[in-house]
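The lines below spell out each chain.
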Amino acid sequence: MALPLAPSPLPHAAVRLDAPLQIDRRRADAGLDGLEIADVPRAERLAAMREGRLGSLHSWELVTAVDGPGTRMTVFLAGCPLRCLYCHNPDTLAMRDGHPVLAEEVLARIARYAPIFRATSGGITLSGGEVLMQPGFAARLLRGAKELGVHTALDTSGYLGAHATDAMLDDTDLVLLDVKSGDPDTYRHVTGRDLEPTLEFGERIARRASGPELWIRFVLVPGLTDDPHNVEIVADYAASLERIRPGAVARVEVLPFHQMGRAKWEAIGRPYELGDTQPPAPELTEQVREVFRARGLTTC
Ligand code: SF4
């Protein structure tokens, strides 16, 4: 979703090469340092994961004006059911590769930063991987954050949107919904999964009078997602959500593909199919943004 400072993890999307000020990712703190790793027997650990007391975490970082408004703590959960060809965090895809961390430990960290979040109108963003692979854990973090008065965001592909309960959505102020393609065949080619659950999740959110707010994210990959018809379908979809609930789609982010995740694919020994793909020209990125703007959507 945003331009990473390697090796910080970057979920779902790729990147922004034409980084304007609002996407300046200033990394103040990162990693798992200081978060207590739960060291409990396997059976107990599995039970705690089912209850959402324990999660599998890849990492976390503090960022400014990325992954939502203000200064944010972005928490990257491990595990994802998609296999996006352009994934910049292939090291987050397996839940077993994450670090077991207690929800209360993450919440203690959130509490520590709460004054910063309040002062900057920031908050937390749960990302991944796919956060909805661990709905119980996510629900606890969202509830705990709301009890601390902290703004909350979910960064998701929406593929597992059915895992998000209404209570979870009540505790979510913003959903960053990654619509990787409008054409179902392209979506399957890009992700290995079906598009429909993502569309349904976005519509479900738009139908909720109480929110959350939506930011639609679309990664522009030359030769993969940049077909004009594909872009039109994504734009039509975003506009349709805005018609369901005016104001629901607060912004659309068109994210230019880049190659910064390539080294991670090589590091984990997975074949990377986009080795020869170039980032889109700035002119193309602007053209695509105009397709969204033409439908009255705030786009960056
Ligand atoms: S949805 Fe999963 S596979 Fe796709 S970019 Fe995000 S983390 Fe990677």
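Summarised in this report is the structure supplied together with it. Note that the coordinates shown come from a computational prediction; the quantities given were computed from them, not determined experimentally.

## Section: the overall build of the protein
A tally of helices and strands in the protein yields 9 helices and 8 strands. By the burial criterion, 49% of the 300 residues in the protein qualify as buried. Relative to all contacts within the protein whose residues are 6 or more apart in sequence, the contacts with residues 24 or more apart total 75%.

## Observations regarding the packing of helix 2 (residues 103-120) against helix 3 (residues 135-147)
Describing two packed helices takes the angle between their axes plus the distance from one axis to the other. Interaxial distance between helix 2 and helix 3 falls to 10 Å at its minimum, and their mutual angle equals 30°. The angle between the axes of helix 2 and helix 3 places the two elements in the roughly parallel class. When you trace helix 2 past helix 3, the crossing you get is right-handed. For the pair helix 2 and helix 3, contact is made by Ala103, Val106, Leu107 and Ile110 and by Phe137, Arg140, Leu141, Gly144 and Ala145, respectively. Per-class residue counts for the contact of helix 2 with helix 3 are 7 nonpolar, 1 polar and 1 charged.

## A short note on the nonpolar core
Counting 74 residues, the largest nonpolar core has Val75, Leu214, Ile216, Phe218 and Ala238 as its most contacted members. In this view, Leu214 contacts Val175, Leu177, Gly202, Ile205, Ala206, Leu241, Ala248, Val249 and Ala250; residues no more than four positions away in its chain are not counted.

## Notes on the sheet that holds strand 1 (residues 54-64)
With mixed pairing, 8 strands are arranged side by side in an open sheet as 3-1-2-4-5-6-7-8. Of all the strands in the sheet, just strand 3 (99-102) and strand 8 (249-256) have a single pairing partner and so form its edges. Put simply, the sheet's adjacent strands are angled 30° from each other on average, direction ignored. As defined by bridge partners, strand 5 (residues 151-156) adjoins strand 6 (residues 174-178) across 4 bridges and the pair is classed as parallel. Of the residues in strand 6, the one forming a bridge with Thr156 is Leu177. Where helix 7 (residues 228-244) meets the sheet, its contacts fall on strand 7 (213-220) and strand 8, and the angle it forms with strand 8 comes to roughly 165°.

Criteria and cut-off values
- Residues numbered from 1 in each chain as written.
- Predicted model: local features only at pLDDT ≥ 70, side-chain atom pairs only at ≥ 80, totals over all residues.
- Helix = DSSP H or I, 4+ residues; strand = E, 2+ residues; numbered from the N terminus.
- Buried ≥ 20, exposed ≤ 12 C-beta atoms within 10 Å, placed from the backbone.
- Contact = placed C-beta atoms within 7 Å.
- Axes fitted to C-alpha atoms, helices over the stretch in contact; angles between N-to-C directions.
- Parallel < 35°, antiparallel > 145°, perpendicular 65-115°, else oblique.
- Left-handed = near helix turned anticlockwise from the far one by under 90°.
- Nonpolar A, V, L, I, M, F, W, Y, C, P; charged D, E, K, R; others polar.
- Core = buried A, V, L, I, M, F, W, Y, C linked by C-beta atoms within 7 Å.
- Pairing = 2+ DSSP bridges.

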